[in-house]
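Letter by letter, the chains look like this.
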Amino acid sequence: MSKNVLMIVNPVSGRGILKQKLWKILETFSKADITVNVIFTKKRGDATEIAKNCPDDIETVVCAGGDGTLNEVINGLMQNPTPHKLGYIPVGTTNDLATSLELSKNPITTVKNIIDGHTVEIDIGSFSGKYFNYVASFGAFTEASYNTPQEAKNILGHFAYVLEGIVSLANIRPYKVKFTFNDTVLEDEFIFGAISNTTSMGGVLKLKDALVSLNDGEFEILLIKAPNNIIQLQKILGEIMTQKFSGDLVKLYRASHIIIESEDSFDWTLDGECHIGNPREEIKNIHKAIKLIVPNNEVLKTE
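Description of the structure in this document. Keep in mind the model is a prediction, meaning the values are calculated, not measured.

## Some remarks on the overall build of the protein chain
Part 1 of the reasoning: Within the protein chain one finds nine helices and 17 strands.
Part 2 of the reasoning: Buried positions account for 53% of the 303 residues belonging to the protein chain.
Part 3 of the reasoning: Restricting to contacts in the protein chain with at least 6 residues of sequence separation, those with at least 24 account for 73%.
Part 4 of the reasoning: Surface summary for the protein chain: the accessible area is close to 14,000 Å², and the carbon and sulfur share equals 50%.

Put into structure tokens, the structure is as follows:
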């Protein structure tokens with residue numbers, strides 16, 4: 001690992017755990033003869049600007065925060081001709097990418113893994129000019145990620161997302177959407193759609209490890225049609241639980257380039273953060289765009 005690191009810290013992520021662990025984190029880096037330049041974020045968007053303007057003499061950027069902070073950092077890194085290597089200390093409430101990679105949730109263990117680990121190349125998504133790390137989604141459950149107040153996340157942790165997700169079920173509405181990818185055109189009413197590169201979405205929806213590769217150049221496209229009655233809703237829940245996706249209501253596809261069209265615009269979430277959508281969106285997979293540091297014992301499913 002490089003001896004000069006820039007660490008971007010979101011001090012409010014994960015119930016403020018970094019305030020308690022920061023000195024030990026810096027001490028751990030120092031014992032490995034690594035100089036760490038620490039910058040704290042103060043508002044939304046700060047992490048993107050910091051990562052975008054990272055000096056060339058710094059080889060590795062370490063993000064300490066949750067999914068939203070990581071999204072901002074990668075949006076900054078992707079604006080550079082050659083993105084810096086990335087280390088991730090996951091201290092947010094959900095940490096979906098960390099779950100997919102089975103990264104430690106202990107900050108000190110994670111720092112040691114960053115120091116001793118190796119890099120893997122992961123795919124990044126382009127969403128009409130913005131970037132996402134692991135999921136772009138709309139519909140049921142997605143509002144839970146950005147409607148849950150930070151105070152509730154800090155107090156209740158992941159349970160806050162579950163509560164908000166239950167509330168959102170009462171407000172499910174269908175979206176008439178047209179998807180075009182590969183040689184397929186789908187047009188129907190959906191209550192949920194996700195273009196993802198992860199096994200975990202909001203900690204609520206999960207895909208089996210065998211279904212997902214983080215660097216195969218393709219996204220998983222999970223689409224759930226609007227049910228007509230309670231029986232169909234039960235079938236949807238059953239298919240999500242078993243992940244067989246063999247019926248007509250829940251479908252899983254794969255593609256590297258997707259065009260989404262609708263008569264009316266609607267909100268999306270990109271890595272858990274609200275994004276105001278347009279009637280036409282274009283999503284592309286940027287193959288192996290970021291070099292992410294993972295533990296040496298981590299086996300990333302590859303193409």
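## Examining helix α9 (residues 230–242)
Part 1 of the reasoning: With 13 residues, α9 extends 18 Å between its outermost C-alpha atoms, agreeing within 8% with the 18 Å of an ideal straight helix rising 1.5 Å per residue.
Part 2 of the reasoning: Against β11 (205–206), β12 (219–225) and β13 (250–255) lie the buried residues of α9.
Part 3 of the reasoning: Among the residues of α9, the N-terminal cap falls to N229, whose side-chain oxygen and the backbone nitrogen of I231 are separated by 3.1 Å.
Part 4 of the reasoning: Two residues or fewer after α9 comes Q243, characterised by a positive phi angle close to 60 degrees.

## Quick look at the packing of helix α1 (residues 17–31) against helix α5 (residues 107–116)
Part 1 of the reasoning: Packing of α1 against α5 brings their axes to within 10 Å, and their N-to-C directions diverge by 20 degrees. Classified by the interaxial angle, the pair formed by α1 and α5 is roughly parallel. Crossing handedness for the pair α1 and α5: right-handed. Across the interface between the two elements, K21, K24, I25, T28 and F29 from α1 touch P107, I108, V111, K112 and I115 from α5.
Part 2 of the reasoning: Considered class by class, the residues forming the contact of α1 with α5 number six nonpolar, one polar and three charged.

## Concerning the side chain of D271
Part 1 of the reasoning: Structurally, D271 is set in the loop between β15 (267–270) and β16 (273–276).
Part 2 of the reasoning: In terms of polar contacts, D271 uses its side chain to reach the backbone amide nitrogen of N133, at 2.6 Å.
Part 3 of the reasoning: From its side chain, D271 meets the backbone nitrogen of Y134 in a polar contact 3.0 Å long.
Part 4 of the reasoning: Setting aside residues no more than four positions away along its own chain, D271 makes contact with D67, G68, N71, F132, N133, Y134 and V135.

## Looking at the environment of K178
Part 1 of the reasoning: You can see K178 is positioned in strand β8 (residues 175–181).
Part 2 of the reasoning: Each residue touching K178, except ones within four places of it in the same chain, is listed here: V185, L186, E187, I259, I260 and E261.

## Things to note about the pattern of salt bridges
Part 1 of the reasoning: Applying the stated criterion across every chain yields a total of nine salt bridges.
Part 2 of the reasoning: In this structure, the salt-bridge partner of E49 is K52, at a minimum N-O distance of 3.4 Å. Pair noted here: E49 and K52 are both in helix α2 (residues 46–52), with a separation of three residues, about one helical turn.
Part 3 of the reasoning: In this structure, E220 and R254 form a salt bridge, with 3.3 Å as the shortest nitrogen-oxygen distance. A residue pair is termed long-range when its members are at least 10 positions apart, and E220 in strand β12 and R254 in strand β13 qualify at 34 residues.
Part 4 of the reasoning: The exposure class assigned to E220 is buried, which follows from its relative accessible area of 0%.

## Some points on the packing of aromatic side chains
Part 1 of the reasoning: Within the structure shown, the criterion is met by 10 aromatic pairs.
Part 2 of the reasoning: Between F138 and F179, the aromatic rings sit 6.3 Å apart at their centres with planes inclined by 20 degrees, giving stacked as the arrangement. Separated by 41 residues along the polypeptide, F138 in strand β7 (residues 135–139) and F179 in strand β8 bring together distant segments of the chain.
Part 3 of the reasoning: Note on F179 and F190: the rings are 5.5 Å apart at their centroids and 90 degrees apart in plane angle, and the pair reads as edge-to-face. In this pair, F179 sits in strand β8 while F190 sits in strand β9 (residues 184–196), placing the two residues 11 residues apart along the sequence. Each member of the pair, F179 as well as F190, is classed as buried.
Part 4 of the reasoning: One aromatic cluster in this structure is built from F127, F138, Y175, F179, F190, F266 and W268.

## Description of the environment of E121
Part 1 of the reasoning: Mapped onto the secondary structure, E121 falls in strand β5 (residues 118–127).
Part 2 of the reasoning: Along the chain, E121 and H287 lie 166 residues apart, while their C-alpha atoms are 8.4 Å from each other.

Conventions we followed
- Residues numbered from 1 in each chain as written.
- Predicted model: local features only at pLDDT ≥ 70, side-chain atom pairs only at ≥ 80, totals over all residues.
- Heavy atoms only, no water.
- Helix = DSSP H or I, 4+ residues; strand = E, 2+ residues; numbered from the N terminus.
- Buried < 20%, exposed > 50% of the residue type's maximum accessible area, 1.4 Å probe, protein only.
- Contact = heavy atoms within 4.5 Å.
- Areas by Shrake-Rupley, 256 points an atom, 1.4 Å probe, with all protein chains shown as cover.
- Expected span 1.5 Å × (residues − 1).
- Polar contact = N/O pair within 3.5 Å; in protein donor to acceptor, adjacent residues only side chain to side chain.
- Axes fitted to C-alpha atoms, helices over the stretch in contact; angles between N-to-C directions.
- Parallel < 35°, antiparallel > 145°, perpendicular 65-115°, else oblique.
- Left-handed = near helix turned anticlockwise from the far one by under 90°.
- Nonpolar A, V, L, I, M, F, W, Y, C, P; charged D, E, K, R; others polar.
- Salt bridge = Lys/Arg side-chain N within 4 Å of Asp/Glu carboxyl O.
- Phe/Tyr/Trp six-rings, centres within 6.5 Å; stacked < 30°, edge-to-face > 60°.

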